[in-house]
Each structure stands twice: as structure tokens, then as C-alpha cells.
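If you want the building blocks of each chain, they are given just below.
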There are 2 protein chains.
Amino acid sequence: MELDKISFEVALNLCLENAKNIEIKESVFINEALGRFLAEDIYAKRNSPAFSNSAMDGFGFKYSNNKKFKIIKTIYAGDKFDDFEIKDDECVKIMTGAKIPKDVNTVIPIENCIEVNDEYIVIPEIKKGANIRIKGEEVKKGELLLEKGEEITPEVIALLVREGITNIKVYKKIKIAILSTGNELKEPFEIASEDEVYNINSYSVSALFKKHNFEVDLVGIVGDDLEETIKEISKLKDSYDVIISSGGISFGEKDYLYAAFIENGLKPFFHGILVKPGRPTMAGIMDKTFVFSLPGNPLSAFINAFALAIPTLRKIAGARKYYFNYVLAKNEESFKVNPKKDHTILGFLNAGKFKVYEKYKYGSGMLKPLFYSNSLVLLNKGRDFIDAAEVLKVIPFNSDFVEFSNPFN
Amino acid sequence: MELDKISFEVALNLCLENAKNIEIKESVFINEALGRFLAEDIYAKRNSPAFSNSAMDGFGFKYSNNKKFKIIKTIYAGDKFDDFEIKDDECVKIMTGAKIPKDVNTVIPIENCIEVNDEYIVIPEIKKGANIRIKGEEVKKGELLLEKGEEITPEVIALLVREGITNIKVYKKIKIAILSTGNELKEPFEIASEDEVYNINSYSVSALFKKHNFEVDLVGIVGDDLEETIKEISKLKDSYDVIISSGGISFGEKDYLYAAFIENGLKPFFHGILVKPGRPTMAGIMDKTFVFSLPGNPLSAFINAFALAIPTLRKIAGARKYYFNYVLAKNEESFKVNPKKDHTILGFLNAGKFKVYEKYKYGSGMLKPLFYSNSLVLLNKGRDFIDAAEVLKVIPFNSDFVEFSNPFN
């Protein structure tokens, strides 16, 4: 058995094409909704502004050739009043956000007046209509404000609160199981001797998913026994929307995980990617459960969890925007690559430049390259050298997401 | 009384210079530590790799001129064994991550062999030392791994788990109070008539802080009464590391908040910034409590909470890295600005280009400009026109943080 040789780009596209939104909705209070995805379109319940109001602390008047105005009243933000008439030589003192009387069509800020005292003001030339926010100028009652699938960000919460909306329908959180394999791994709270290693992937991938607002269950370790592994996977399949494993799917001996997935009906989209690092990666669907099998090496497991799984999980969770919003940056230092493979390249993006980590000479078992990087370059095969000053598409680890992008170089 | 006219850059620097780490530590389990800041230096407890091991599934041997090797044993990841001798024409079949016997100094991947059967292999020319990860090649036991103030990211969690570290000292979460002012505001769960508006800032700023891993308390609304406001501030001062308010500090009438802060001993660093939008902004220290008074307008309150408060809160919370890591992007569409002021300019950063929101013609009372933007440009005064194709420093809303940067254009 040999691993597939599909490209990283095809692998990502296969994941995204096969990812289906779970389509289960629930109602949540906006304070608890950050990072969730809207399961309904939201239409404006009111105009914004709700009433015409002053954009400045100043004086409001009916525009004419007149330049001297008697102050007849002061209006504060929140003041309610029966409307009244204002003559051509009269004005109101008015605060920012205060409702303007129906006759007022222009406001001059206090600091722009030629003269101001308790009784009157004298003003210079000013544009008719200045410093007034007209009712409905930003949002008309009934218009579409937010689309299904929009992520609830702080900016979205601002829009919702302005409407007086406190409860919204969002998609239910997807259930993700993180499965450990390999009897040889020690959990970090155990003691490892010098020739034992800790189970890094479950914790690093969990933390990555949490950072991206996904909840995960660490469902434990399956042992090196085919029957036991088949049973365990079968249980998980019934309870989880997504199963994430790492290691154990490359070549036969003692790698029961692949067989146990297949036995449970897994249909892989791919089983192996021609990429450095991170080749032994598989994704597929098992009944309704999406499966990601990440590499065992912690660096490549993390990169593929980020670059392949995060966009896919967003789509399953109901997001409209699940493509990385890459930036452009100049490559700071040249480096060599193997032209026969795709590459996922770690580096530091700063002040418009991308610096590859240690000339791309690091191993997939290392962790410092991850820690000292803040971004990733996805490179398609065919190149053997990346020049300094070349402009690259770079994905920040903190990337936001857009409706579509092609982040491959 | 007139507002100060300091620059946005000076305002930010004053906030950062005066922000002091609270220096209270607590111990947390790593699964709960995401987004917190380390309160101790972490030194490596073990070598990484902990033992020399194979980087590939392949065959390990003692390098010589010999090209044909008899397979004498198979070693799996996690196998423990008493060391044994290997002759020049012998090799071991060895799996990725498996410990190498002391005599093995080179590994050839299975797929690179000329011939492989159950008994022997034939290999082509290969470099001595290939495909072996040497004990300690990445990390030497005792070396400094992580510095005090490092943010606990998924990558940091990977480093900690590799060490078998499950509990770490982090700085205590800072206590932040969000104070609403202005009797005229309705809470979003109340009914607002057509001439009433909702309290947007408390919710949008809370959500922004939550997104940045800070916890906040919404401590309610203080009314338009000086005595009451003084008392309320005095109580908050004793309980919170930071107080955030919005509105009520620009000009005297009905704006009791400024007076109440001063009465409680506030020493402002600045009271007004010559910036559009967001002029009525104040920051200062009141005993040990840091105070931010944001503008009342929701757009400028949000921008200043992001651009001034977030870096400052990170420093108070103990972060080593609290400067925005800006990117460079080409300005897509020219726009005009008032040369007498600094500007905070919203726009959309995508595929290496920055597009200003509606030619920078939007009001500070609006919210759509925030929703349709994903990034901010900080512009110092002196320019009246920003050309298309000009390269700008742009701060993504999802920016990461670095030890130092100058994000001002």
C-alpha cells in the first residue's frame, strides 16, 4: 500500500467540498454568541439613526442668509419634546446625539462660531445640512443587515444591540472528538522516562481549535489492538460530528487506525498528500461523521490541523466565510525547496516581510519552528528556489476568513 | 474648558508608559491557560528529542561502503530494548520515532531502497547521518524555553506538553469594569421608542475585550447626578484594575463623569486627542486603577477601545508583546483627509490591498463601516490626500502582537 500523491490544494478543496453544515439551530443570548455562526438572516427592525440628530455639540438653525441667531432653547441627548417652531433668526443649543427639532436643517459646532454668548451666536459661512445625521441615512428599516452564516464578532454584536436584538438563532456547536493513538505515548500528567515521549498532538490541536472557538472532547487513547480500535471508532461515530486523530495511518504494521476507520465505513477523500511536511494525512466521511487523520509528528499535525481542518470545521459549523484571508509580504531571505512536492512553510511575518524559519531547514518532529513563527506559506510544487524580495501570499496564524480566496503560491 | 490636542501616537505611548503589570500570580492547568500570560520563565526539563530516533519508516545501519544489509530486527516507536551490536552488513527495520540502537548512525527510507525483501535490502548512495534526529538537537536540557510574559498560545501549549509540564504560573486575570453613562440609553433587552437609542458601547467593547481573552463586568449605568457618580466611581476604584467608560467627558453640561473621576483622584495622561474620529477620549490613573473614557459614539468608542485600550490591557495583564504587528498593503482607492488631524481609518484588507470604507466618508455614529471593515490605518496629521497604490501600514482587527512596532503612517 502506498500513500496518495494528491496536492495540498486538491486536499483542501476535497475537504471543503465534502464539508456539510450540520444545520441544527439554537437560540442564544448575544453575550454568549461570540464566535458562533448566525443561523438566520437579520433584517433591520428600525432606522439608523432612529431619528435625525446632531453630529456635534453646537447650534442648530434653519439655513438662510442670516448669520446672527438668538438662542431660544438647549436640547440634550435623550431629551423628548413636543415639536416647536423656529424663526429664521433663532437657534437651539444642541448636544451630540440630541434629536433636532423639525425646523432645524443645519448645525454649526460651537468652536466654529465667530461669536458665542448666553444669548446669541454669530456664524461664518456654512454648508446647508452640515452636521446633521438624517433618520435612516445609514440603515433603512426592513433592509437585510446580516446574512445567515455570519460569524458573531464584536462588530456584529454592535449592530445587533443597536437593533435591540438580544437573542439570535445560531448553529449548534459541532461536536469534535480528539482521539489519541499509540500505546507508547505518555499523557503530560504522567512521568515519562528518557526513552518515552508525551502525547503532544491532542493538547496542541485542542488548543488550536479552542482558539478558533471550537469545543473539543479528548476521548482518550486507543490501544494497539484492531478489535478494540474498531469498537472505539464505532462508538465515537454515533456521538461526534468530527473525529480528529493523529498518527497511525501511513504503513501497515501496528497501524490499526486506518483499518478500523475503513471497517466502520470510512470513505476517504484522500489518504496521503504529496507535501512536505505532513504527508501521512487522511480525510474522509464515515456515515455523517467527518474524519481527519493528522500526521503523528507534532509540527506537521499542527500545520495540517490549521491549514486543512480549521477552514473545514468552519464550513461544517455553518460559517459563510471559511477561506483564509492571506496577506502579501516580501520574502526576506531566499531558501531552497524540493520541486517535486508541495510545501507548507513556517515563518515570521513582520512589518510587511516574511522570514522563513531557519531557511526552511527544520524537521517535522520539532516545535520551535512553530513557536517562533506566526504565519504559513502554502507553496505548490514545481519551484526549487524562493528568492529574497519575491512577494509571497502569507497566511497569518491569526488570519481572518473571507468568502473566497486562493492562498496558494 | 477645551479638550487636549495631543496626537494619537502620543496618546498611545502615554497609555503604554503608564501601564504597569499587576504582578499577581496564580497556578493554572495548561488546558485552562490559553490566552493567559506566563508569570515565570520556563527552562527545558529534558532534551528534545529525548533520545536519538528515526525520522522515517526505513532501515537503520552503521554507515560504510557496504550497500547490502541483512535485516536482523524490527524496532517500533515506543519499543524499549537493551542495546545490541550491529555488524557492518546488518541493519534494523525501524519506524518513525523509534529509538535507534547505539551502532546505527544512518537511516534510509523504505521507498529509497533499490531492493527490499524480508531478509535483506540493497541501497543506493546515501549521506552519513541521514534521517536521524539526534538527542537534544532541537532543545538542550536546561535551556530557556519560554520567557515571562509570553502569551499561552496553542504553539506554547505544544512546547509545554513536550516537557511534561501541566501546571504553570500565569498572571491573574485583570479585573475590568465597563461603566455605562447617560440616563437616555436603553439596555438592549428593554423597549426603545423611536426617539430613544440603545447602549451599544458596553456590549461592543465587552465583546471586543472578550475576543482578546479579557474578562469584563458590566457594572451598570450611572445616572446624571454628580454625587451619585462620585460614589459609584469610588466603589469601582477599590475593586477593579481598569475602568472603561464611554461618553460624558467632552464639555461641561450634564457631563458629570469627568468631574467624578477627578474628584476620585484621577490623574489624566490626556483629555482629548486631535484625531478623527474619537476626539473625546481620556486616559489616566486613579490610585492604582487605570481609567479609559471612550467617546460616546459607537464607531469611535470601538476604534479607540481596539487601538488604545487593547495594547494597554495586554501590558497591564503581563504580556511581553503588546504592539500591533501591522502588515503592508497597497491602498486600493484614493481618499481625502483633513491635514490638521490624525485619522483612524477603517477599511478592508484583502489579497494584499487595503480598501478604505466608502472613501472615508462615514460618520462616527455609524456601525456599518466597522462591520464591513477588517482593519485599521493609523494616519498622522499633515497629509490631505492618500493616493491609490500608496503602500500603507495596516493593522488587521485580528492582528497578533510583537515586542515593538510603529504602526503609524
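In this text the structure is predicted, and so the values were computed from the model without any measurement.

## So, the relation of the copies chain A and chain B
With an axial shift of 0.0 Å and an RMSD of 0.0 Å, the rotation relating chain A to chain B amounts to 180°. Both copies of the chain, as the preceding transformation shows, are related through a two-fold rotation axis. Across chain A, the rotation axis passes nearest the C-alpha of A:Asn398, at a separation of 2.9 Å. Interface overlap between copies: 100% of the residues of chain A at the interface are likewise at the interface in chain B, consistent with a symmetric, same-surface contact.

## Some points on the interface of chain A and chain B
Taken together, the contact pairs 84 residues of chain A with 84 residues of chain B. Among the salt bridges present, the one from B:Lys80 reaches A:Glu196, with a minimum N-O distance of 2.6 Å. The interface formed by chain A and chain B includes 25 residue pairs in polar contact (both at pLDDT 80 or more). Taken together, the elements giving at least two residues each to the side of chain A that touches chain B come down to strand E11 (144-146), helix H2 (154-162), strand E15 (197-198), helix H3 (200-211), strand E23 (327-331), strand E25 (342-350) and helix H7 (368-371) of chain A. Sort the elements by how many residues they give to the side of chain A that touches chain B and H2(A) lands first, with eight residues. Residue composition of the side of chain A that touches chain B, by class: 41 nonpolar, 19 polar and 24 charged.

## Points about the sheet that holds strand E4 (residues 58-61) of chain B
A sheet is described by the order of its strands in space; here six strands give the open sequence E7-E4-E6-E5-E9-E8 (chain B), paired in mixed fashion. Both edges of this open sheet fall to strand E7 (106-109) and strand E8 (115-116) of chain B, since each of them pairs with a single strand only.

## Here we look at the state of the cysteines
For the structure on display, the rule yields zero disulfides over all chains. Cysteine A:Cys91 is unpaired, with the sulfur of A:Cys113 as its nearest cysteine sulfur at 8.0 Å.

## Some thoughts on the environment of B:Glu263
Counting through the fold element by element, B:Glu263 comes out in helix H5 (residues 256-263). Take B:Glu263: its relative accessible area is 57%, and that puts it in the exposed class.

## Points about the packing of aromatic side chains
Geometrically, a pair of aromatic rings is defined through the distance of the ring centres and the angle of the planes. Counted by the stated rule, this structure contains 30 aromatic pairs over all chains. Each ring, one from A:Phe306 and one from A:Phe397, has its centre 5.7 Å from the other, and the planes form 70°; the classification is edge-to-face. Here A:Phe397 lies in the loop between strand E29 (391-396) and strand E30 (401-402) and A:Phe306 lies in helix H6 (residues 298-317), a separation of 91 residues in the sequence. For A:Phe397, a relative accessible area of 8% corresponds to the buried category. A ring pair is formed by A:Tyr360 and A:Tyr362, whose centres lie 5.6 Å apart and whose planes are at 85°; its orientation type is edge-to-face. No difference in accessibility class separates A:Tyr360 from A:Tyr362, as the two residues are buried. An aromatic cluster is present here, built from A:Phe335, A:Tyr357, A:Tyr360, A:Tyr362, A:Phe371 and A:Tyr372 joined pairwise through their rings. It is B:Lys68 that lies over the ring of B:Tyr120; its NZ or CZ is 4.2 Å from the centre. One cation-aromatic arrangement involves B:Lys276 over B:Tyr360; the distance from NZ or CZ to the ring centre is 4.4 Å.

Calculation rules
Residues numbered from 1 in each chain as written. Chains lettered and ligands numbered in written order. Predicted model: local features only at pLDDT ≥ 70, side-chain atom pairs only at ≥ 80, totals over all residues. Heavy atoms only, no water. Least-squares fit on C-alpha atoms with pLDDT ≥ 70 in both. Contact = heavy atoms within 4.5 Å. Salt bridge = Lys/Arg side-chain N within 4 Å of Asp/Glu carboxyl O. Polar contact = N/O pair within 3.5 Å; in protein donor to acceptor, adjacent residues only side chain to side chain. Helix = DSSP H or I, 4+ residues; strand = E, 2+ residues; numbered from the N terminus. Nonpolar A, V, L, I, M, F, W, Y, C, P; charged D, E, K, R; others polar. Pairing = 2+ DSSP bridges. Disulfide = S-S within 2.5 Å. Buried < 20%, exposed > 50% of the residue type's maximum accessible area, 1.4 Å probe, protein only. Phe/Tyr/Trp six-rings, centres within 6.5 Å; stacked < 30°, edge-to-face > 60°. Lys NZ or Arg CZ within 6 Å of the ring centre and 35° of its normal.

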